[in-house]
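An overview of the molecular structure
Listed below are the residues making up each chain.
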Amino acid sequence: MLLEQINKTGDIKNISKSDYPELAKEIREYLINKISVTGGHLASNLGVVELTMALHVALDLPKDKIIWDVGHQCYTHKILTGRKDKFDGLRQYGGMSGFPKRCESECDCFDTGHSSTSLSAGLGMVKARDLSGDDYTVVSVIGDGSLTGGLAYEALNNAGKLETNYIIILNDNEMSISESVGGMRKYLNSVRTNDGYLNLKEDVYAQIKDSSPKIVSSIRKAKNSFKQLFVPGMVFENLGITYLGPVNGHDTESLVKIIKEAKKVKKAVMIHVMTKKGKGFEPAERHPARFHGTEPFLIENGLPSHPRTTANYQDIFSTVMCKLGARNDKVVAITAAMADGTGLKRFRNMYPERFIDAGIAEEHAVTFAAGMAIGGYKPVFAVYSSFLQRAYDQIMEDVCLQKLPVVFAVDRAGLVGSDGETHQGIFDLSYMSSMPNMTIMAPKNKWELSDMLKFAVDYNDGPTTVRYPRGNAYDGLKEYRADIRLGKCEPIYEEKDVCLFAVGSMVKIAEKARMIIKDSGINCSLVNARFVKPIDTDYLKVASKSHKLFVTIEENVASGGYGEKVRTYVDDERLDVSVLSIAIPDQFVTHGSVDKLLKELGMDAESIARRVIDYVN
């Protein structure tokens, strides 16, 4: 097998050009076999096999730099840089990350996980290279989806000013290539990257740069008029970026050639590469969204190895949103390119005119929601916790400052597991609760998620946040379903001595911890906090008279979280009760299963109970 010859960086350069198609086939088979067991990002990786191979042939790694936007398409890159044998532990605790990690390999030059960052990072590396007098090549690989992010356009605006080489590869998996157009593009590309052509351009520029501005302007207008007729990508050309393409992203030899040609251009150059997401695995080709981030699956048909038997929180959100949409024609749903992931697909199908996909542009989505709220609508922005933090300023200035009734449905809140540091939703309680006029809720189970969403849509005195976790929706404690009242908690078991105040997803774990604590002979109450802002100070004051210890439990970092608010109130009011805060340490959390991470962080039921028992004793 050809893949057996790939054991370290640079080994691909020893593969014959005639063997590139076979190597690509072996890499795809390898990825399908491994990801079917571990889960991971399959469709995006299958789509960039030949592109990645071409980059490794045309460049000199690790001297040259490749920045992968988002980074979930880096699996072939990892195979070609000597990490092939680590795929059995992909995204497992202590194993290899599913994203580029500088700590893993010197060929991973920039840690990524969120979209639209590669161009800014690449420009920074180009500037550092030139200031240091180095001569390495910098390449940013960005997808057409990531190019919808505003940060990418800010970088493109800067890239047009470059007078030094910088390569941008636009990985476009949404369009097909026309042979006639492709032939003309190939011709134009070869002309425009020909040494003679490039030298002529530089010579002419040197001759005319000191001439009359009118002459320079006339030449530029004539050149641009010609290019408008024959050259695609003029939006990039007009920014000052040389555009090459579109090119077939599954032809390794052609890609190697055009990358080498692009290295000759002494300015920013974009190579427009057309690829097919999920290529080589029919289920992924037919359903690329389902195989974007997949759980383990059966290779023969692509179906999940362990199909879900219960509804998850996204299913509940989907159902409630459709009901709210039917009852109130002012309810609108907004997503940032995550209609499937957040559960808004059904709402989109039922109310297409009230569904807005802003693209991968969370900042725009938030301010867009603010505008809709001013226009008399009730916008519900469904977004992953980790991605919402990109829009901090817009939430603060455009929503909270104006006290607008925008609903933030914060999905994947808390630990999300295998995607690691860039995706853990463990900061939202801290940064959202620091904002004036914001109300924050967290449901203990699926019934409460429904109730809180209804409350949020009916609430008009400012923005509201409902944060809920990834995974199966908790169905327990359904007998406890008191009405949602602003800033009021929900006592579940009332005793004395120790009182557990659990936030959202931690109620389920706190209930188990309570039983262990009681078995040790300690009386223990359990309260569902419900509101993180405002906290229920009335209940805290009453409970302090019958309890010696408050224990706050939240799936959020300790700094700025619910526990810190309770401790501050207790101290300010000089209540006669101690406070033990159990939260995630103020650190980034690596990848691994949620259960494993909770145990490692001391936040599983047994660890919580032991900490409480030791504290009391």
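All values reported here derive from a predicted model rather than from experimental measurement.

Calculation notes
- Residues numbered from 1 in each chain as written.
- Predicted model: local features only at pLDDT ≥ 70, side-chain atom pairs only at ≥ 80, totals over all residues.
- Heavy atoms only, no water.
- Helix = DSSP H or I, 4+ residues; strand = E, 2+ residues; numbered from the N terminus.
- Buried < 20%, exposed > 50% of the residue type's maximum accessible area, 1.4 Å probe, protein only.
- Contact = heavy atoms within 4.5 Å.
- Areas by Shrake-Rupley, 256 points an atom, 1.4 Å probe, with all protein chains shown as cover.
- Lys, Arg positive; Asp, Glu negative; His and termini not counted.
- Charge placed at Lys NZ, Arg CZ, Asp CG, Glu CD.
- Patch = residues over 30% accessible without salt bridge, like charges linked within 9 Å, V, L, I, M, F, W, Y side chains within 5 Å.
- Salt bridge = Lys/Arg side-chain N within 4 Å of Asp/Glu carboxyl O.
- Phe/Tyr/Trp six-rings, centres within 6.5 Å; stacked < 30°, edge-to-face > 60°.
- Lys NZ or Arg CZ within 6 Å of the ring centre and 35° of its normal.
- pLDDT = per-residue confidence, 0-100.
- Core = buried A, V, L, I, M, F, W, Y, C linked by side-chain atoms within 4.5 Å.
- Pairing = 2+ DSSP bridges.
- Axes fitted to C-alpha atoms, helices over the stretch in contact; angles between N-to-C directions.
- Arc of directions from axis to C-beta.
- Parallel < 35°, antiparallel > 145°, perpendicular 65-115°, else oblique.

Concerning the overall build of the chain
Summing up its helical and strand segments, the chain has 25 helices and 17 strands in all. Taken along its principal axes, the extent of the C-alpha atoms in the chain is 85 × 60 × 50 Å. In the chain, buried positions account for 57% of the 617 residues. Long-range contacts, defined as pairs at least 24 residues apart, comprise 76% of the intrachain contacts of the chain with a sequence gap of at least 6. Surface exposure of the chain reaches about 26200 Å², of which carbon and sulfur atoms provide 50%. Charged side chains in the chain number 77 positive and 79 negative. The centres of these two groups are separated by 3 Å.

Looking at a positive patch on the surface
Among the surface-exposed residues, Lys13, Lys17, Lys260 and Lys263 lie close enough to one another that they form a single positively charged patch. With relative accessibility at 54%, the residue Lys17 sits in the exposed group.

Quick look at the packing of aromatic side chains
Taken as a whole and judged by the stated rule, the model has 17 aromatic pairs. Seen from their ring centres, Tyr313 and Tyr468 are 6.5 Å apart, and the 35° between their planes marks the pair as tilted. With a gap of 155 residues between them, Tyr313 in helix H13 (residues 313-327) and Tyr468 in the loop between strand E11 (464-467) and strand E12 (490-493) connect regions that are remote in the sequence. Both rings, one in Tyr384 and one in Phe387, keep their centres 5.6 Å apart while their planes meet at 15°; by these two values the pair is stacked. Per residue, the accessibility class of Tyr384 equals that of Phe387, and both read buried. Through a chain of ring-to-ring contacts, three or more aromatic side chains come together here, namely Tyr30, Tyr75 and Phe87. It is Lys330 that lies over the ring of Tyr377; its NZ or CZ is 4.3 Å from the centre.

Re the confidence of the model for the chain
For residues with low pLDDT, the predicted coordinates do not support detailed interpretation. Across the chain, the average pLDDT comes to 92, with 91% of residues at 70 or higher. Here residues 175-185 is a poorly scored stretch, pLDDT under 50, and it has nine contacts once near neighbours within four places are set aside; other chains count.

Looking at the pattern of salt bridges
According to the stated counting rule, one finds 29 salt bridges in the structure shown. Across the pair Lys34 and Asp88 runs a salt bridge whose closest N-O atoms are separated by 2.8 Å. On the criterion of sequence distance, the pair formed by Lys34 in helix H1 (residues 20-38) and Asp88 in the loop between helix H4 (75-83) and helix H5 (118-132) is long-range, its members being 54 residues apart. By relative accessible area, which is 22% here, Lys34 ends up partly exposed.

So, the environment of Leu477
One can find Leu477 in the loop between E11 and E12. As a C-alpha pair, Leu477 and Asn445 span 32 residues in sequence and 7.6 Å in three-dimensional space.

Considering the nonpolar core
Grouped together as the largest cluster of nonpolar side chains are 65 residues, with contacts concentrated most on Phe317, Met321, Phe347, Leu500, Val551 and Val612. Element by element, the count of residues in this core is highest for H13, at seven residues. Counting residues in each nonpolar core, the second largest holds 55 residues, with Leu23, Val48, Cys74 and Ile167 among its members.

Describing the sheet that holds E12
The mixed open sheet is built from five strands, whose spatial order is E12-E14-E13-E16-E17. The sheet terminates laterally at E12 and strand E17 (578-584), the two strands that pair on one side only. For this sheet the average axis-to-axis angle between neighbouring strands, irrespective of direction, equals 25°. Bridge count between strand E13 (residues 497-502) and strand E16 (residues 547-557): six bridges; the pairing is parallel. Looking at E16, one finds that Asp497 is bridged to His547. Packing of helix H21 (residues 506-519) onto the sheet brings it into contact with E12, E13, strand E14 (524-528) and E16, and relative to E14 it is tilted by some 175°.

Concerning the pairing of strand E3 (residues 166-172)
Of all seven residues that make up E3, seven are buried, and the element is covered over most of its length. Neither face of E3 is exposed, since Tyr166, Ile168, Leu170 and Asp172 on one face and Ile167, Ile169 and Asn171 on the opposite face are all buried. Relative to E3, strand E2 (residues 138-143) runs parallel, the two being bridged by five bridges. The partner of Val139 across the bridge, within E3, is Ile167.

Digging into helix H6 (residues 150-159)
Looking at H6, one finds that the buried residues are Ala152, Ala155, Leu156 and Ala159. Buried residues in H6, looked at end-on, bunch into an arc of 105°, giving them a common side.

Brief notes about the sheet that holds strand E7 (residues 355-357)
Strand order in the open sheet formed by seven strands is E7-E6-E8-E9-E11-E10-E15, with mixed pairing between adjacent strands. In this open sheet, the two strands that pair with only one neighbour each are E7 and strand E15 (531-533). Averaged over all pairs of adjacent strands, the angle between their axes in this sheet comes to 20°, without regard to strand direction. Sheet topology places strand E10 (residues 439-441) next to E11; three bridges connect them, and they run parallel. Bridging across to E11, Ile440 finds its partner in Thr465. On top of the sheet, H13 reaches strand E6 (331-335), strand E8 (378-384) and strand E9 (407-411); it is set at about 145° to E6, its chief contact.

Focus on the packing of H1 against H4
Any two packed helices are characterised by how steeply their axes cross, that is the angle between the axes, and by the distance between the axes. The N-to-C vectors of H1 and H4 enclose an angle of 110°; their axes lie 11 Å apart at closest approach. Regarding the angle of H1 to H4, the classification is roughly perpendicular. Two secondary-structure elements touch here, H1 through Ile27, Tyr30, Leu31 and Ile35 and H4 through Tyr75, Thr76, Ile79 and Leu80.

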